[in-house]
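Coordinate inspection notes
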Amino acid sequence: MPERLSRISLRSVALFYLLAILFIPVGLVFFRAFEPGLAAFWTAVSSPDAQHALWLTFICTIVAVPLNTIFGIAAALYVVRGKGPGRKALDAIIDIPFAISPVVVGLALVLVYGENGWFGSSLVSSGFQVIFALPGMILATTFVCLPFVAREVIPTLRELGDEQEQAAQTLGANSWQTFWRITLPSIKWALGYGIVLTTARAIGEFGAVAVVSGHIVGQTDTATLYVANQFENFNLPVAYAVSVVLATAALFVIFSMTLLQRRQERSIKEES
Amino acid sequence: MAIAVENVTKHFGDFAALEDVSVDVPDGSLTALLGPSGGGKSTLLRVIAGLELPDKGIVRIAGEDVTAHAPQKRDVGFVFQHYAAFKHLTVRDNVAFGLKIRKRGKAETRKTVDELLELVQLGGLADRYPDQLSGGQRQRMALARALAVQPRVLLLDEPFGALDVKVRADLRAWLLRLHDEWPVTTIIVTHDREEAMELASQIVVVRNGRVEQTGTPDELYDNPGTSFVAGFIGPVANFDGRLVRPHDLTVLDEAEPGTREALVRRVARVGFEVRVQLLLDSGDPVEVLLTRREADALEIEENDIVHVRSERSFDLPVDEAIAAGEEVAVPEPA
Ligand SMILES: Nc1ncnc2c1ncn2[C@@H]1O[C@H](COP(=O)(O)OP(=O)(O)O)[C@@H](O)[C@H]1O
Ligand SMILES: [Mg+2]
């Protein structure tokens, strides 16, 4: 039975691949984190520096995600439904944060907003520091996870077509009502997925934030920077423990999405 | 006039989708826009609904110039070929949509929706989602949704185009009854001449962005203004260089003044009609339509010699009409 054989071998290749690059490494991090015991784990993640780092990651994420959600929806609507110029260009530009290395993004932000940057000097003199401070970190995080929502929503909007929206218009709905009652419910799964990816990416951001933050422990260290720092200082148990917090947050976001989706599917089936 | 379109032109880039189009739709009538695919029928309907802005010209609804009005302000019901059902809403909520936008009371909305669902025979399916309906049911839901807000005019863009033949025929009959019961001024777009002839009291033939002819089904059939209309609206034949309807040819046993001699090449009995292929003495072929009774009376058989006379012919170019007839046979891309 060659067909069955090939199916089994395909499956084992996929499984092996996932084991080698996903499950075993991530599993080991969890193992190492709890190896010294729960008390040690708790001490590691509750130190003031660790808490501050996690708090900064939280702040960056909580600002970047809504900003990119709104931007992503608006950009997707313009690219797919818009009539004005520059739609193709915008569609291509949205991908730039994917294409450019985060480190380069960080450097670019320094060039613009840094003390010697384009309008950084006037910002600094007016008392608003961007680089080596929270605003720059938020900016960097927002920049690197900018494409996700738009990238998820654009194909869904295209596939949806505009007939439902036109039907709503002929029934008297204005643009705002059409958006809330027809467009948004139709793209909600793509949007949800885009938000999940944005969140996971924001939590995990390292390179761009590393450049713009200046890496000051207890002041401008986000959780990922803190992990790297502890790792470099051979403080491995702490690095593993905070990594586990980060990984758990990301996994939680993705699992909650999957659960929501399944509940939605079930509720539709029960209606029939 | 319930709807008046005056000298409307609409270009997409360089392409003229509508060129100086004028149409009058009488109050309470059912008018069909008929024509080949790509002729501009949907564009015209969308201009009336406000979903497209014309480059030039005026659209009036109930006498009021609505050319600059947004679709929301026109009070039209629009039904799309592919239903445009709100997939995330139940049948009931689909139909209630326009009423909710208008902030009608809960009780009133529910009553109106229930009545409409009965009218479109979906009473039992109110809590289903559109994916759980057949194509015909979805289209009836779309009609109920459009009717719920009591529009001044109803615009249907190939509403039965995506359905199979049997369902189409049922829905056509049903639409006629609905229109009798609830005579909203209606425009229906179709590329199917039978659908147009059966439903409409007025047909507007649209082709290449222009109106070819407007009239009742009988006027178009009996007095086509162009050879395209002649061929698109009914069967045509070339009788000795003249354009005729195949049933306007009389076949006789004996020669009479005005008859031509012909050889019977083939006799095909198709239901109640008999199609006879003749070869005229000039060598030109022609097809004649007889009723069964006429054919039996003649005892017509292959290789007989018969005599043919045309009772009526159109003074129009023949080849174009025959080409138009062939265009009808080309299936519409889905
Ligand atoms: N939004 C549009 N952009 C460009 N061309 C269009 C658009 N809508 C329609 N057309 C063109 O206009 C012509 C008429 O289209 P349409 O009104 O849909 O014809 P019909 O409904 O008679 O089949 C077609 O050639 C079509 O390709
Ligand atoms: Mg069309």
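Check the entry above for the structure.
No experiment lies behind these values; they were computed from the predicted model shown.

Residues and elements named next belong to chain B. The strand order across the open sheet formed by six strands is β6-β7-β8-β3-β9-β10, and the pairing between neighbours is mixed. Either end of the sheet is taken by a strand with one partner, and the two such strands are β6 (76–79) and β10 (210–215). The average undirected angle you get between the axes of adjacent strands in this sheet is 15°. Bridge count for β6 against strand β7 (residues 153–157) is four bridges, and the pairing is parallel. Looking at the pairing, Gly77 lines up with Leu154 of β7. The strands that helix α4 (residues 135–147) touches are β6 and β7; relative to β6, the one it contacts most, it runs at about 170°.

Each full turn of the α-helix corresponds to 3.6 residues, which orients residues three or four apart in the same direction. Residue and element names in this part refer to chain A. Helix α13 (residues 223–232) sits mainly inside the fold: eight of its 10 residues count as buried. Inspection of α13 places Ala223, Thr224, Leu225, Tyr226, Val227, Ala228, Asn229 and Gln230 among the buried residues, and these make up the whole buried set. One or two steps after α13, the chain reaches Phe234, where phi turns positive at roughly 60°.

Time to look at helix α11 (residues 175–204) of chain A. Residues and elements named next belong to chain A. Given a rise of 1.5 Å per residue, 30 residues ought to cover 44 Å, yet the end C-alpha atoms of α11 are separated by just 37 Å, more than 12% below that figure. Maximum bend of α11: about 60°, positioned at Lys188. Backbone nitrogen of Trp176 and a side-chain oxygen of the N-cap are separated by 3.2 Å at the start of α11; the cap is Asn174.

As a further point, take unusual backbone geometry. All names here are of chain B. In this structure, Tyr83 is a non-glycine residue whose phi angle is positive, near 70°. Within the secondary structure layout, Tyr83 lies in the loop between β6 and α2 (91–101). By relative accessible area, which is 11% here, Tyr83 ends up buried. A positive phi angle, near 60°, is found at Asp240, a position not held by glycine.

Backbone hydrogen bonds are what pair the strands of a sheet, in a parallel or an antiparallel way. Residue and element names in this part refer to chain B. Spatially, the four strands line up as an open sheet ordered β2-β1-β4-β5, and their pairing is antiparallel. With one partner strand each, in any of the chains shown, β2 (15–25) and β5 (64–65) form the two edges of the open sheet. Direction of pairing for strand β1 (residues 3–12) relative to strand β4 (residues 56–61): antiparallel, over a ladder of five bridges. By the bridge assignment, Ala4 is partnered in β4 with Arg60.

The rules we used
- Residues numbered from 1 in each chain as written.
- Chains lettered and ligands numbered in written order.
- Predicted model: local features only at pLDDT ≥ 70, side-chain atom pairs only at ≥ 80, totals over all residues.
- Heavy atoms only, no water.
- Pairing = 2+ DSSP bridges.
- Helix = DSSP H or I, 4+ residues; strand = E, 2+ residues; numbered from the N terminus.
- Axes fitted to C-alpha atoms, helices over the stretch in contact; angles between N-to-C directions.
- Contact = heavy atoms within 4.5 Å.
- Buried < 20%, exposed > 50% of the residue type's maximum accessible area, 1.4 Å probe, protein only.
- Expected span 1.5 Å × (residues − 1).
- Bend = angle between axes of the 7 residues up to and from the residue.
- Polar contact = N/O pair within 3.5 Å; in protein donor to acceptor, adjacent residues only side chain to side chain.

Shape descriptors only; they carry no functional weight alone.
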